[in-house]
Amino acid sequence: MFKLPNIIKKALIFVLVLLAIIYSCLYINTHKFDRHNETQLAKLKTINPNAYLIFSRFINDIHTHTPYIVYIQSTLRSYKEQEKLHNDDPFNAKPGTSKHNKGLAIDFNVKYKYCLNGGWLKKADYLQWKQSGIITIAQKYGLFWGGNFKTKKDCVHFEIR
Ligand SMILES: [Zn+2]
């Protein structure tokens, strides 16, 4: 009977174990990602129902067509919350004038999917946002991007006009 040399057997077992590990990592990651998408959409439910439709499609598209993961920071904001933000920094819209007060705006950071540590795009990362592919998707839904504000760029902000 044909016998495989020991070294080949060991190598085969090693490759099989390695493949199993890679497969489980991919499986766990995909499910973790699906759950993350759901938690983000759940956060959206506090805003205006028409806006919900647009923003949920927008977020789904980012998750499907770009290597970025959305982390929502702010959606609907009360008059009081806006007042506090405006008092902290007068560049923030006055209470009642922000689209957040009407549930027509969202703020979110994104994280580059393939980066274990870091890979975040925040308020100030104008060029990276521009090159992320996210702004093109926003345009598709007619969303205004805070990076185009004339007074102070707010790259994490997207609103319905
Ligand atoms: Zn905002």
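A separate point is the pairing of strand β1 (residues 68-74). Within β1, five of the seven residues are buried, which leaves it mostly tucked inside the rest of the structure. In terms of strand pairing, β1 meets strand β2 (residues 105-112) through six bridges, oriented antiparallel. Looking at the pairing, Ile69 lines up with Lys111 of β2.

For the rest of this paragraph, the subject is the nonpolar core. Counting 27 residues, the largest nonpolar core has Phe55, Phe58, Phe108, Trp129 and Phe158 as the members making the most contacts within it. Those elements giving two or more residues to this core turn out to be α1 (6-44), α2 (49-65), β1, β2, α5 (134-140), β4 (143-145) and β5 (157-160). In terms of residues, this core owes the most to one element, α2, which gives five residues. Setting aside its immediate chain neighbours within four residues, Phe158 contacts Phe55, Phe58, Leu104, Ala105, Ile106, Phe108, Trp129, Ile134, Ile135, Ala138, Phe144 and Trp145.

The next point concerns the side chain of His63. Positionally, His63 belongs in helix α2. Of the polar contacts made by the side chain of His63, one reaches the side chain of Asn37; its length is 2.4 Å. When residues no more than four places from it in sequence are discounted, the contact partners of His63 are Phe33, His36, Asn37, Tyr68, Ile69, Val70 and Lys113.

Our next topic: a nonpolar patch on the surface. The grouping of Phe14, Val15, Leu16, Leu18, Leu19, Ile22 and Leu26 at the surface amounts to a nonpolar patch, some 710 Å² of accessible area in total. Structurally, Leu18 is set in helix α1.

A word on the environment of Lys102. If you trace the backbone, Lys102 turns up in the loop between α3 (79-88) and β2. Sequence separation between Lys102 and Thr75 is 27 residues, and the spatial gap between their C-alpha atoms is 9.4 Å. With sequence-adjacent residues up to four places away left out, Lys102 is seen in contact with Asn48, Leu76 and Gly96.

As a further point, take the coordination of the zinc ion. Surrounding the zinc ion are the protein donor atoms His100 (NE2), Asp107 (OD), Asp107 (OD) and His157 (ND1), which sit 2.0 to 2.8 Å from the metal. Taken together, the four donor atoms surrounding the zinc ion define angles of 52 to 153 degrees at the centre, an arrangement classified as irregular. Read N to C, the donor residues that coordinate the zinc ion are spaced as H-x6-D-x49-H. Taken as a pair, His100 and Asp107 share a single burial class, namely buried.

Another aspect to go through is the packing of aromatic side chains. In this structure the tally under the stated criterion is eleven aromatic pairs. Within the aromatic cluster, the residues linked to one another by ring pairs are Phe58, Phe108, Trp129 and Phe158. Above the ring of Phe144, the side-chain terminus of Arg161 is found at 3.6 Å from the ring centroid.

Calculation rules
Residues numbered from 1 in each chain as written. Predicted model: local features only at pLDDT ≥ 70, side-chain atom pairs only at ≥ 80, totals over all residues. Heavy atoms only, no water. Buried < 20%, exposed > 50% of the residue type's maximum accessible area, 1.4 Å probe, protein only. Helix = DSSP H or I, 4+ residues; strand = E, 2+ residues; numbered from the N terminus. Pairing = 2+ DSSP bridges. Core = buried A, V, L, I, M, F, W, Y, C linked by side-chain atoms within 4.5 Å. Contact = heavy atoms within 4.5 Å. Polar contact = N/O pair within 3.5 Å; in protein donor to acceptor, adjacent residues only side chain to side chain. Patch = residues over 30% accessible without salt bridge, like charges linked within 9 Å, V, L, I, M, F, W, Y side chains within 5 Å. Areas by Shrake-Rupley, 256 points an atom, 1.4 Å probe, with all protein chains shown as cover. Salt bridge = Lys/Arg side-chain N within 4 Å of Asp/Glu carboxyl O. Donors = N, O, S within 2.8 Å, 3.2 Å for Na, K, Ca; no water. Tetrahedral: all angles 85-135°; square planar, octahedral: opposite > 155°, others 65-115°. Phe/Tyr/Trp six-rings, centres within 6.5 Å; stacked < 30°, edge-to-face > 60°. Lys NZ or Arg CZ within 6 Å of the ring centre and 35° of its normal.

So yeah, pure geometry; function would need other evidence.
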